[in-house]
Amino acid sequence: MPDITKHTETMFSYSDLTTTDLDGARAFYTGLFGWDVDDQPMGEGQVYSMFKQNGKTVAAASRQQPQQLEMGIPPMWNAYFTVYDLDNRTKEAERLGGTIHAGPFEVFDAGRMSVVMDPNGAVFCLWEPKDSIGAEVMGDANTLTWTECVAGDLDKARSFYSELFGWEEQDFSSTSTTSAQYFVMNADGRPVCGLMPPPAEMPSFWLVYFAVENCDDAVSQARALGAEIQRDTTAIPGVGRFALITDPQGAGFGVLEPEPGQES
């Protein structure tokens, strides 16, 4: 796909990993996806590891902050959504029942962001770009392709995100592999993300997916690198084949092999 130079407002545009073992995470993901690593200093001996493919930013990783460790927050991939009115969107998120964990704040010259917890407890990020737009390539093999919110109260999530971002929903429950409800949220007719209830009682969260050329091969490689496979390769007619994986440090993510013609 063509390189991305600007993300449309309210679109899923980036993800970074916060992890307990940055060296271990870099080894795992470069081994799984073949990424290059560009370490950017963050001060106090910390680095922000930018994952690159053909010189373009795909995603990133950093060590968890001490306060995150103290709170028992597990390693996770964070979903970012681009906005161009960060202050207003942050206030609106709070008005709609969200909790502002941080922000709005400056991220050097890269941009500004807020960290928000939705009314169900799922955490996501709002990103207002300056020098960094987020991911510079998406939808190609070994790059970000999709994200979905696993929401304890699906109606509450649909209302919150529709009002916050102006998204329109489509009911795709008939394609669900668990016979559960599944809604695709759209911005200007373009799919942004999915919303679904959890398959079992669990906290609400955002889950990111990376495109792969072959789902079985990705699962096999992830397992060889020390990951746990939470859901082995599963086919969704008209979409593709996916699997759910937990990396060796405990962060969950998905891989998706799109059906021909279904690439993002």
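In every chain, residue numbers begin from 1 and rise along the written sequence. Thresholds applied to this predicted model are a pLDDT of at least 70 for local features of residues and 80 or more for the giving and counting of side-chain atom pairs; totals over whole chains, interfaces and linings are not thresholded and use all residues. As a rule here, side-chain values cover all heavy atoms of the structure and leave hydrogens and water aside.

Visitor: Residues and numbers for the overall build of the chain, please.
Guide: Secondary structure follows DSSP: runs of H or I at least 4 residues long count as helices, runs of E at least 2 residues long count as strands, and numbering of each begins at the N terminus. When helices and strands are counted, the chain shows 5 helices and 16 strands. Relative to the 2.2 N^0.38 estimate, which gives 18 Å for 264 residues, the radius of gyration of the chain is 17 Å and therefore close to what a compact globule would have. Taken along its principal axes, the extent of the C-alpha atoms in the chain is 45 × 40 × 40 Å. Accessible area is worked out with a 1.4 Å probe on protein chains only. A residue is then buried under 20% of its type maximum, exposed over 50%, and partly exposed in between. Burial analysis of the chain (264 residues in total) assigns 48% to the buried set. The contact criterion used throughout is that any non-hydrogen atoms of two residues lie within 4.5 Å. The contacts of the chain with a sequence gap of at least 6 include a subset with a gap of at least 24, amounting to 59%. When we talk radius of gyration, it's over C-alpha atoms, and the globule rule is simply 2.2 Å times the number of residues to the 0.38.

Visitor: Help me get a handle on unusual backbone geometry, residues and values and all.
Guide: Here G103 and P104 are connected by a cis peptide whose omega angle stands at 0°. Note on placement: P104 falls in strand β6 (residues 99–107). At T10, a position not held by glycine, the phi torsion is positive, near 75°.

Visitor: Which residues make up the sheet that holds strand β5 (residues 76–82), and what are the values?
Guide: The pairing criterion for strands is at least two bridges between them, as found by DSSP. Judged by pairing direction, the sheet is mixed, and its 8 strands sit side by side in the order β2-β3-β4-β1-β5-β8-β7-β6 without closing on themselves. Of all strands in the sheet, those with a lone pairing partner are β2 (36–43) and β6, marking the two edges. If you compare each strand with its neighbour and ignore which way they point, the axes differ by 25° on average. Pairing analysis gives 6 bridges linking β6 to strand β7 (residues 111–117), with the strands arranged antiparallel. Residue V107 lies in a different strand from β7, and its bridge partner there is G111. Running at roughly 5° to strand β8 (residues 123–129), helix α4 (residues 154–165) makes contact with β5 and β8 of the sheet. Only the contacting stretch of a helix is used when fitting its axis, a line to C-alpha atoms as for every element, and angles between N-to-C directions run 0 to 180 degrees.

Visitor: An account of the environment of D131 is needed here, citing residue identities and associated values.
Guide: Looking at the secondary structure, you find D131 in the loop between β8 and β9 (144–150). The class of D131 is exposed, set by a relative accessible area of 65%. For the pair D131 and A110, spaced 21 residues apart in sequence, the C-alpha to C-alpha distance is 4.6 Å.

Visitor: Help me get a handle on the sheet that holds strand β11 (residues 183–187), residues and values and all.
Guide: The strand order across the open sheet formed by 8 strands is β10-β11-β12-β9-β13-β16-β15-β14, and the pairing between neighbours is mixed. Among the strands making up the open sheet, the edge pair consists of β10 (168–171) and β14 (228–236). The mean inter-strand angle of the sheet, taken between neighbouring strand axes irrespective of direction, is 25°. Across 6 bridges, β9 lies against strand β13 (residues 205–211) in antiparallel orientation. Considered in β13, the bridge of V150 is made with F205. Together, β13 and β16 (252–258) form the strand contacts of helix α1 (residues 22–33), whose direction differs from that of β16 by roughly 5°. Sheet contacts for helix α5 (residues 215–224): β14, β15 (240–246) and β16; angle to β14, the most-contacted strand, approximately 180°.

Visitor: I'd like to hear about the packing of α1 against α5, residue by residue, with values.
Guide: Contact geometry for α1 and α5: axes closest at 9 Å, N-to-C directions at 150°. Between α1 and α5, the angle falls in the class roughly antiparallel. Judged by the sense of rotation from one axis to the other, the crossing of α1 with α5 is right-handed. In this structure, α1 uses F28, G31 and L32 to contact α5, whose residues at the interface are A218, Q221 and A222. Note on residue classes: Ala, Val, Leu, Ile, Met, Phe, Trp, Tyr, Cys and Pro are nonpolar, Asp, Glu, Lys and Arg are charged, and everything else, Gly too, is polar. Per-class residue counts for the contact of α1 with α5 are 4 nonpolar, 2 polar and no charged. Here the word oblique covers every angle except those under 35 degrees (roughly parallel), over 145 (roughly antiparallel) and from 65 to 115 (roughly perpendicular). By convention, the crossing between two helices is left-handed when the near helix turns anticlockwise from the far helix through less than a right angle, and right-handed when the turn is clockwise.

Visitor: Give a description of the side chain of D16 that names residues and reports values.
Guide: Within the secondary structure layout, D16 lies in strand β1 (residues 12–19). The charged-residue count follows a simple rule in which Lys and Arg add positive charge and Asp and Glu add negative charge, with His and chain termini not counted at all. Only one rule defines a salt bridge in this text: a Lys or Arg side-chain nitrogen within 4 Å of an Asp or Glu carboxyl oxygen. For the buried D16, no salt bridge is present, and the opposite-charge side chain at shortest range is K52, 13 Å distant. Any pair of nitrogen or oxygen atoms within 3.5 Å is treated as a polar contact; in protein, a donor-acceptor pairing is required on top of that, and neighbouring residues in sequence qualify only through side-chain atoms on both sides. Side chain to side chain, D16 and Y48 meet in a polar contact 2.7 Å long. Side chain to side chain, D16 and Y80 meet in a polar contact 2.7 Å long. Excluding anything up to four places from it in sequence, D16 contacts Y48, A60, M76, W77, N78 and Y80.

Visitor: Give a detailed account of the pattern of salt bridges, specifying residues and quantitative values.
Guide: For the coordinates displayed, the defined rule picks out 15 salt bridges. R26 serves as the salt-bridge partner of D39, at 3.2 Å between the closest nitrogen and oxygen. Taken together, the positions of D39 in strand β2 and R26 in helix α1 put the pair 13 residues apart, joining distant regions of the chain. By relative accessible area, which is 37% here, D39 ends up partly exposed. On the basis of relative accessibility, which here comes to 16%, the residue R26 falls in the buried class.

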